[in-house]
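Tertiary structure, described
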Amino acid sequence: MSNKEDKFLEALRLFTNEVCEAGQAADGALRGIGDMSNALERVTQAKRNCRDQREALTEKLYKVYKGTGKMTEARSFISKAYGVVNQLKELLYLLDTVQVGQMPEELRALSELMGAALLEMQKIMAYTVDVKANFMKIEARSRKIYTLEERGDTCIRECLRLFYGGNQDSMYVLYWKDIMHGLEQILDGVAGMVMPLQKMVG
């Protein structure tokens, strides 16, 4: 791995850490074990930092991967990571503005899976300091993210049964269904970061 690629991956780790730490703060607030205003502030700052870092990262990836397939994968990873932090901000804005009833336990479980997936991604990125030595660890944690995504699909089915299987208030259903879709998009976004990263460092 070249010195330029090492520097690019170092910058990418900082970028991804912003996203992952913001996601874990959001998860805590969603599940009622963290402060919502602090989480919103953390996520807003993370989005600002990621926006500031994104242009420099894109310039670095062109220098490192220009003319190779890895350039497309690196761009995809950055785009998906930025999409995650953007979705986190939208989700917390909605929750901080108004809340209709109590959050269903199924959504608390989905939020916990989201936080776990982001933690796994953070660990994967830490392994990119030495990809060769940590390749099997990267693969194992990548598979774990896919497993968390599959468990998220189960939570979503349980949520839909709750929403449509009983006499729920329509506002309650619409509100928490929006939250559910937000969490689903974030979890899918984290899972979507795995393949580009594997191709980039493989």
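Every value quoted in this text rests on a predicted model; they were computed, and no experiment measured them. Note that residues are indexed from 1 along each chain, following the sequence as it is written. The model is predicted, so local features are restricted to residues of pLDDT at least 70 and side-chain atom pairs to those at 80 or more, both for listing and for counting; the totals for chains, interfaces and linings are taken over all residues. Note that the side-chain values use all heavy atoms of the structure and ignore hydrogens as well as water.

**Comments concerning the overall build of the protein**
What counts as a helix is a DSSP run of H or I of at least four residues, what counts as a strand is a run of E of at least two, and both are numbered from the N terminus. Helix and strand counts for the protein stand at six helices and zero strands. For the protein, the α and β elements follow one another from N to C terminus as α-α-α-α-α-α. C-alpha atoms define the radius of gyration in this analysis, and the globule rule sets the expected value at 2.2 Å times the number of residues to the power 0.38. Taken against the 2.2 N^0.38 rule, which gives 17 Å for 202 residues, the C-alpha radius of gyration of the protein at 18 Å falls within 12% of a compact globule. Dimensions of the protein along its principal axes, counting C-alpha atoms only, are 60 × 30 × 30 Å. For the exposure calls, accessible area comes from a 1.4 Å probe over protein chains only, and a residue counts as buried if that area is under 20% of its type's maximum, exposed if over 50%, partly exposed in between. When burial is assessed residue by residue, the protein has 47% of its 202 residues classed as buried. Contacts are assigned to residue pairs with any non-hydrogen atoms lying within 4.5 Å of each other. Look at the contacts in the protein between residues 6 or more apart in sequence, and 84% of them connect residues 24 or more apart.

**Examining the nonpolar core**
Remark: nonpolar core denotes a set of buried residues (Ala, Val, Leu, Ile, Met, Phe, Trp, Tyr, Cys) joined through side-chain atoms within 4.5 Å. Counting residues in each nonpolar core, the largest one holds 67 residues, and the members touching the most others are F8, L12, L107, M121, W176 and L183. Within the residue set of this core, elements represented by two or more residues are α1 (3-30), α2 (36-65), α3 (69-97), α4 (105-127), α5 (131-164) and α6 (170-201). Here this core gets 16 residues from one element, more than from any other, and that element is α6. Apart from the residues within four sequence positions on either side, L183 is in contact with L30, L91, M103, L107, L110, S111 and M114.

**Quick word on the packing of α1 against α3**
Running from N to C, α1 and α3 cross one another at 20°; their axes reach a closest spacing of 10 Å. When the interaxial angle is binned, α1 and α3 end up roughly parallel. For the pair α1 and α3, the sense of crossing is left-handed. Of the residues in α3, those in contact with E5, F8, L12, F15, T16, V19, A22, G23, A26 and L30 of α1 are K70, A74, F77, I78, A81, Y82, V84, V85, L88, L91, L92 and L95. Residues are sorted three ways: Asp, Glu, Lys and Arg are charged, Ala, Val, Leu, Ile, Met, Phe, Trp, Tyr, Cys and Pro are nonpolar, and all the rest, Gly among them, are polar. Taken together, the residues of the contact of α1 with α3 sort by class into 18 nonpolar, two polar and two charged. Fitted lines through C-alpha atoms give the axes, limited to the stretch in contact for helices. The angle between two N-to-C directions lies from 0 to 180 degrees. For classification purposes, angles smaller than 35 degrees are called roughly parallel, those larger than 145 roughly antiparallel, those between 65 and 115 roughly perpendicular, and all remaining angles oblique. Each crossing gets its handedness from the near helix: less than a right angle anticlockwise from the far helix is left-handed, clockwise is right-handed.

**Digging into the packing of α3 against α6**
Remark: α3 packs on α6, axes separated minimally by 8 Å, with the N-to-C direction vectors making an angle of 160°. The angle between the axes of α3 and α6 places the two elements in the roughly antiparallel class. Once α3 is placed against α6, the crossing between them reads as left-handed. In terms of residue class, the contact of α3 with α6 is made up of 18 nonpolar, six polar and five charged.

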